[in-house]
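# Notes for the structure review
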Amino acid sequence: MKARLLYVMDPMCSWCWGFAPVMEALAEQARLYGVPMHLVVGGLRRERVAMDAAARVRTLSYWQAVEETTGQPFTIDNALPEGFVYDTEPACRALVAARGLDEQAVWPLAKLIQRAFYVENSDVTQPAVLVELAEKVGLPRIEFAPAFDAPETRAATQADFDWALNLGIAGFPTLLAEREGQLALVTNGYQPLDNLSELLGMWLVRGTEF
């Protein structure tokens, strides 16, 4: 198997939004060596009930911490309105659907979903919102909507969740480097670019383990 980066993330994970500029820079660094990035969705939360007031306060405090640490923007006012069900499966499934249609569209869609959720206060748990975002990255509604709803896409999304869980990945973002089936951990959790670029560079140039 050729070398690739495996980025395990959830588009509704605040630290993944904070990590997005770092990941973009690392992906570009890898592309210079012909190493692509493959995105795996992690399934951060599978909720069926609305957030209560305490959960909302706690979550928004996490968002503020991510903003302070990473500089990524968050809109706190009016975020997570009453009745919001924080289920990340639909947003994850949208990325899997995009991956099946055009892998080049996955990362642009992930960034749009993140910005829509964290900056624009859009409810990205709703299929209609996800379809609109997919159209913005060039995935036609007539193709994306049925792919999003397809049983095969639901199964593939769950397979991503299971893969991450079976590998022992409990937090996001997680970045792995793979060569000939061998995985090396670049990071589990947010780190700034300066901490990771040299590390990834060694792997790209020499193929060494970290």
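For the structure itself, look to the data block above.
Structure report, in brief.

What counts, and where the lines are drawn
Residues numbered from 1 in each chain as written. Predicted model: local features only at pLDDT ≥ 70, side-chain atom pairs only at ≥ 80, totals over all residues. Heavy atoms only, no water. Disulfide = S-S within 2.5 Å. Patch = residues over 30% accessible without salt bridge, like charges linked within 9 Å, V, L, I, M, F, W, Y side chains within 5 Å. Areas by Shrake-Rupley, 256 points an atom, 1.4 Å probe, with all protein chains shown as cover. Salt bridge = Lys/Arg side-chain N within 4 Å of Asp/Glu carboxyl O. Helix = DSSP H or I, 4+ residues; strand = E, 2+ residues; numbered from the N terminus. Buried < 20%, exposed > 50% of the residue type's maximum accessible area, 1.4 Å probe, protein only. 1 Å grid on protein atoms, 1.4 Å probe; cavity = no way out; pocket = protein on both sides within 12 Å on 5 of 7 lines; lining within 4 Å. Points joined across faces, edges and corners; volume = space filled by probe spheres on them. Nonpolar A, V, L, I, M, F, W, Y, C, P; charged D, E, K, R; others polar. Phe/Tyr/Trp six-rings, centres within 6.5 Å; stacked < 30°, edge-to-face > 60°. Core = buried A, V, L, I, M, F, W, Y, C linked by side-chain atoms within 4.5 Å. Contact = heavy atoms within 4.5 Å. Arc of directions from axis to C-beta.

### Let's talk about the state of the cysteines
Applying the stated criterion across every chain yields a total of zero disulfides. Cysteine C13 is unpaired, with the sulfur of C16 as its nearest cysteine sulfur at 3.1 Å.

### Focus: a nonpolar patch on the surface
Nonpolar side chains collect at one region of the surface, where L32, Y33 and V205 lie side by side and expose about 350 Å² of accessible area between them. Looking at the secondary structure, you find Y33 in the loop between helix 1 (14–31) and strand 2 (37–41). By relative accessible area, Y33 is classed as partly exposed at 45%.

### Some remarks on the layout of surface pockets
The volume enclosed by the largest pocket comes to roughly 340 Å³. Taken together, 17 residues make up the lining of the largest pocket; nearest its centre are R31, P36, M37, E103 and Q104. Those elements that provide at least two residues to the lining of the largest pocket are helix 1, strand 2 and helix 4 (106–118). Here the residues of the lining of the largest pocket sort into eight nonpolar, three polar and six charged. Estimates place the volume of the second largest pocket at around 210 Å³. Forming the walls of the second largest pocket are 14 residues, and the residues nearest its centre are S14, L44, R45, T59 and Y62.

### Looking at the packing of aromatic side chains
The final tally for this structure, using the stated rule, is 14 aromatic pairs. Between W15 and Y190, the aromatic rings sit 5.8 Å apart at their centres with planes inclined by 35°, giving tilted as the arrangement. With W15 in helix 1 and Y190 in the loop between strand 4 (182–188) and helix 8 (193–206), this residue pair connects regions lying 175 residues apart in the sequence. According to the relative accessible area criterion, W15 is partly exposed, its value standing at 30%. Take Y190: its relative accessible area is 23%, and that puts it in the partly exposed class. With centroids separated by 5.0 Å and ring planes inclined at 70°, the aromatic side chains of F74 and Y118 adopt a geometry described as edge-to-face. You can see F74 sitting in the loop between helix 2 (53–70) and helix 3 (89–101) and its partner Y118 sitting in helix 4, a full 44 residues away along the chain. We classify F74 as buried; its relative accessible area is 8%. An aromatic cluster is built from W17, W63, F74, F84, Y86, F117 and Y118, whose rings are joined through pairwise contacts.

### Some words on the nonpolar core
Residues Y7 and M23 are the most contacted members of the largest nonpolar core, which totals 70 residues. Broken down by element, the residue count for this core peaks at nine residues, all from helix 1. Non-local contacts of M23, meaning those with residues more than four positions away in its chain, are made with L5, Y7, M37, W107 and L175.

### Notes on the pattern of salt bridges
Two side chains that carry opposite charge are able to pair once their charged atoms sit near each other. Summed over the entire model, instances satisfying the criterion amount to nine salt bridges. Via salt bridges that share partners, R46, R48 and D87 belong to a single interconnected network.

### Details of helix 5 (residues 127–136)
L130, V131, L133 and A134 are the residues of helix 5 that are buried. The buried residues of helix 5 occupy an angular sector of 165° when projected down its axis, which confines them to one face. Residues of helix 5 that are exposed and point more than 90 degrees away from the buried face comprise A128 and K136. Residues of helix 5 that are buried sit in contact with helix 3, helix 4 and helix 6 (141–149). After helix 5 finishes, the residue G138 shows a positive phi value of roughly 90°.

These values are about where atoms sit, not about what they do.
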